[in-house]
Structures are given as structure tokens and as C-alpha cells.
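Notes for the structure review
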Amino acid sequence: MAEGTDLRTAPPATAEDDYLHRRTLRRGSAGWLLLTGLGVAYVVSGDFSGWNIGLSKGGFGGLAAATVLMGIMYACLVFSLAELSAILPTAGGGYGFARRALGTWGGFLTGTAILIEYILAPAAISLFIGDYVESLGLFGLTSGWPVHLACFALFIGIHLWGVGEALRFSLVVTAIAVAALLVFAVGAFTDFDASRLNDIPVDTSALGAGSWLPFGVLGIWAAFPFGMWFFLGVEGVPLAAEEAKDPVRSMPRALAIALSVLVLLAVVTFLAATGAHGSAALKDAGNPLVVALQGDGGPTALSRFVNYAGLAGLVASFFSLIFAGSRQLFALSRAGYLPRFLSLTSRRKSPYLGLLIPGAIGFALAAWSGNGGRMLNVAVFGATISYALMALSHVVLRRREPDLERPYRTPGGILTSSVAFVLALFALVATFLVDKDAAFIALGVYAIALAYFAFYSRHRLVANAPEEEFAALAEAEAELARD
């Protein structure tokens, strides 16, 4: 097995072939439709719950403004990632982009931030799934570690079966959840009343407070993390590039269509829910869509249907986030940033340890913590760091390597990625406004990871990993240009 000691030392050809052969994914397993489904699946659970907490931070107007700004951030980021993923279609995703633009430290910082998001988020969602199972009375089960363990065991098992099978399962479950959201919107709009949108009492002491901004202008900023819930995760589509059919063409197409679907769902869900039963009633609800349909009465046939569909949405996001986390870990491990054994793949070309070990960590966190909201806030903190670094990578590559072949070019160029960068920094600061403890927990995890990289793994990187070869090529071209 090849174990290069630094970026400029590649193992012999036979050892190199053996090393990468034991760390290969199944190529050509996902076309643009499966990739689009993956992008929507990452996010769809956020339409069913979580976003409404932003009403308690900014009111209807504050959350609406935050959602628009975060939608702009994601749109700019997605167009930037479409260009980057066409340049470097590998499993490294954000790590690979930042590695080329920002060096080994930038690559590791970005990859670690992505891992924080994609390991913590499934753990949190497994708790929400348990709550749904208990509230629906399914099989008499209560929310607890057996349900959480069953989630991880069942869905990791499907991923171990193969990526094509996993993405097809994800597409079916996601389609059910999206159909339910559209049915919900039709039902809720029949009881729409615009006067209910701004029914939260005004905090007269807040700067700029009014009926549409009951918590003032600062409420818009505080609502940023919840406006993100309508889009959080869509940036993970490039992590499937190495397993995609014709990724240069299918990746930009899938990203654009997925974002368009998510924008539509965000608008109709947000307006229909708040207009049907009022912002005040929804701001603290654990199941806002059901509350919006039931009003002050009891369960209806439609509210029961949406309740069950909410479980499907949670499953879709849980399932797809496991996929994303395993691919980012696979790429970092294959390049030596993390222990190399984590990138070994099975006969079915699944990174089995990259699935099992994060799954075990996620289950342990869910069983030990029981605080899904806190874990999601930690995940959001990691996400915002990765967004800023990926957007910065686009800017740096455009300036440093203007002649680099770009099969797809971001509309607006550097201006687009710069907007994403600035809004990502504002969203990062906003996480401290919402849950500073979660932000400091994420910083603690970051500090431990950086110590490992600084003192150990940065001296043991594997030069022939795809993302490292791509970066080494840029370094060699720069040296020739200087000579």
C-alpha cells in the first residue's frame, strides 16, 4: 500500500495503483435526476420544522428578510460550486476546491467544517425521527436509543448496499415529502389570512420595531440561521461528483434545478403556514405544518397525512446527509488528512468504514445528548465556515488562474462568489446570536482537529490522491511560470 510522506513524494506505480484501487467509488451511478433528488433530500426536512423558530427571533418580516438574504447566499454559492465541481469532479467537494485555492490548511479547514455539519446533522435528525415515531404512535414505540439505533443501522445498511440503490431510495422518499408539502400548501392556502402574518406582539424597546419587525432590525440578523433551514445542505451535491454520470454537465444542472425546487418549497411553505394559523401560534411549535392545518381544533385527515409525510422528509434528509458525510470523510482520508483506513471501500465500492464510524459517532451523540436543537446549531456553525471558505476558493481561483479550463462558468463571476462570501460571514456571526454555546462547542472540535493536522497528518499526505494531484499540478505550473 502506498503511504507517501509528503505532497511531493509519490509511491511507486504498482503501490500507487494498489492504494487507489482499494479506495475507489462506483463511477457513473448517478445521473442528473438522482443528483437533483439528492440536493432536495438534504434539505427537505427543514421545510417541515425548525424554520419556524425564526419567527420567535425576527417575526414574520424578520424571518422573511432573512430567508431572502440566505436564499441569495445559497444561490450565489451554488453557482460558484457548479463551476468548481466542473473543474474538479471528485468526492472531495469543498475540501478539493479549497485545497487547490487555499493550500493544505485551507483544504483541511473546509473539509473539517463540512464534516462537522454532516456528522452532527444526522445525529440531530435521528432524535427528531424518534419524536415523530412516538407522536404518531407507530408500533407503540417511544423516542429512545432503540429507535435511533434502528435509523442508523437500517439506512447505513442501504448505503453499504451501493450508491445507485441508495440514491434511488432517497429519490423516492424525497418525492413523497415534496408531494406532501405541495398538498399541505393547497390545504393551508384555503384558510389564508394576511392579517395573521404579523400577529406577534411588538417589542417597543427594539430598534426599528414594528408590526412586520416585532423584534426590530436586529431580529433579521438573528433569524439568519433559521432562514438557512430552507436550503441547508444543498451545497453537498458536489460530494457525489466522483460517482456521477458526466459530472461536468450533470452537476451544474442538478444544482440549479435542486435550488429552484427548494426556493419554490420555501415560499409556499412559509406563506401557507403562517397565513393559515398565524406567526404567533407557529413560532414555538415543534410540528408547525400540523399546527397550521389543525388550528385550534383536533387532527384532520390532511394534518395526519402531513404528519406522516414529515417523517418521510426527516428520513430523506437523514439518509442523504449520511451519504454526504461519508464522501467527505472518504476524500480526506484517501488524501491522508485523516487516518487512511477510513477510505477503504468494499466490493460494492462503498466506503464502509466512512459510513460505519461516523454513524457510530452520530448514534452515540444522539443517545448521550438528546438535544437535537443544540446539535443542529453546531452543524450550522460548521456549515457557515465551509460556505465562506468555498466562496473564497472560487474568488482566489478566478484571480490566480484565469486561464484554467472551466467547462461551466459562474454567472457574474467573482461578484457572485463575493456576495456568497460576505453573507456567509454574516450568517456565521449570527450563530453566536442564536446559540453561543453551540458555536463554542464547534470551535472546540475545530481546535482538536487542527491540532491533529498540525502535529501529525499534514506531514503524511498522499500525493497521488486526486485532489492532491490537482493541487500539485497547479504548484508545478506556477514554478514553471516563475522560471
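Scope of this entry: the structure provided in the associated data block. All values reported here derive from a predicted model rather than from experimental measurement.

Remarks on the overall build of the protein chain
Within the protein chain, the regular secondary structure consists of 18 helices and zero strands. At 22 Å, the protein chain has a C-alpha radius of gyration in line with the 23 Å of a compact globule built from 483 residues. Expressed as a percentage of the 483 residues in the protein chain, the buried residues total 59%. For the protein chain, the exposed surface amounts to about 18,200 Å²; the carbon and sulfur share of it is 66%. Each charge class in the protein chain was averaged separately, 31 positive and 33 negative side chains, and the resulting centres sit 4 Å apart.

Details of the packing of aromatic side chains
Within this structure, the stated rule accounts for 25 aromatic pairs. Ring centres of phenylalanine 189 and phenylalanine 192 lie 5.8 Å apart, and the angle between their planes is 50 degrees; this geometry places the pair in the tilted category. Judged by relative accessible area, which is 37%, phenylalanine 189 ranks as partly exposed. The exposure class of phenylalanine 192 is partly exposed, given its relative accessible area of 35%. An angle of 80 degrees between the planes, with centres 5.7 Å apart, marks the rings of phenylalanine 381 and phenylalanine 432 as edge-to-face. Note that phenylalanine 381 is positioned in helix α15 (residues 372–400) and phenylalanine 432 in helix α16 (residues 414–434), a separation of 51 residues in sequence. Classification of phenylalanine 432 by relative accessible area gives partly exposed; the value is 31%. By way of ring pairs, the aromatic residues Phe152, Phe155, Phe169, Phe318, Phe319 and Phe363 are connected into one cluster. The ring of tryptophan 32 has arginine 253 lying over it, and the distance from NZ or CZ to the ring centre is 4.0 Å.

A closer look at the packing of helix α4 (residues 55–87) against α16
Relative orientation of the contacting elements α4 and α16 amounts to 135 degrees, with a least axis distance of 8 Å. Taken together, the axes of α4 and α16 lie oblique to each other. Where α4 crosses over α16, the handedness of that crossing is left-handed. Note on element contacts: α16 touches α4 through Thr416, Ser417, Val419, Ala420, Leu423, Ala424 and Ala427, opposite Leu69, Met70, Ile72, Met73, Cys76, Leu77, Phe79 and Ser80. The residue inventory of the contact of α4 with α16, partitioned by class, reads 12 nonpolar, three polar and no charged.

Observations concerning helix α13 (residues 301–334)
Here α13 contains 34 residues, and its C-alpha end-to-end distance of 50 Å stays within 8% of the 50 Å for a straight helix at 1.5 Å per residue. Taken across its 34 residues, α13 has 29 buried, putting it largely inside the fold. Looking at the residues trailing α13, positive phi occurs at glycine 336, about 90 degrees.

Regarding the nonpolar core
Counting residues in each nonpolar core, the largest one holds 158 residues, and the members touching the most others are Phe48, Trp51, Tyr74, Ile129, Phe184 and Tyr387. Here this core takes 20 residues from helix α5 (residues 94–136), the largest share from any one element. Once you skip the residues sitting within four places of it in the chain, isoleucine 129 turns out to touch Cys151, Leu311, Leu314, Val315 and Phe318.

Some remarks on the environment of valine 234
Checked against the element boundaries, valine 234 lands in the loop between α9 (224–227) and α10 (247–277). As for valine 234 and alanine 364, which are separated by 130 residues in sequence, their C-alpha atoms are 26 Å apart. Excluding residues that lie within four positions of it along the chain, valine 234 makes contacts with Gly39, Tyr42, Val43, Tyr74, Val78, Leu255, Ala258 and Leu262.

Some points on α15
Taking 1.5 Å per residue, 29 residues should reach 42 Å; α15 reaches 42 Å between its end C-alpha atoms and fits that length. Counting buried positions over the 29 residues of α15 gives 24, a clear majority of the element.

What to know about the side chain of threonine 112
Within the secondary structure, threonine 112 is located in helix α5. For threonine 112, a relative accessible area of 7% translates into the label buried. There is a polar contact of 2.8 Å between the side chain of threonine 112 and the backbone oxygen of phenylalanine 108. Those residues in contact with threonine 112 that lie beyond four places of it in its chain are Leu332, Tyr446 and Ala449.

Reading the values: rules and limits
Residues numbered from 1 in each chain as written. Predicted model: local features only at pLDDT ≥ 70, side-chain atom pairs only at ≥ 80, totals over all residues. Heavy atoms only, no water. Helix = DSSP H or I, 4+ residues; strand = E, 2+ residues; numbered from the N terminus. Rg over C-alpha atoms; globule rule 2.2 N^0.38 Å. Buried < 20%, exposed > 50% of the residue type's maximum accessible area, 1.4 Å probe, protein only. Areas by Shrake-Rupley, 256 points an atom, 1.4 Å probe, with all protein chains shown as cover. Lys, Arg positive; Asp, Glu negative; His and termini not counted. Charge placed at Lys NZ, Arg CZ, Asp CG, Glu CD. Phe/Tyr/Trp six-rings, centres within 6.5 Å; stacked < 30°, edge-to-face > 60°. Lys NZ or Arg CZ within 6 Å of the ring centre and 35° of its normal. Axes fitted to C-alpha atoms, helices over the stretch in contact; angles between N-to-C directions. Parallel < 35°, antiparallel > 145°, perpendicular 65-115°, else oblique. Left-handed = near helix turned anticlockwise from the far one by under 90°. Contact = heavy atoms within 4.5 Å. Nonpolar A, V, L, I, M, F, W, Y, C, P; charged D, E, K, R; others polar. Expected span 1.5 Å × (residues − 1). Core = buried A, V, L, I, M, F, W, Y, C linked by side-chain atoms within 4.5 Å. Polar contact = N/O pair within 3.5 Å; in protein donor to acceptor, adjacent residues only side chain to side chain.

In short, geometric facts, not functional conclusions.
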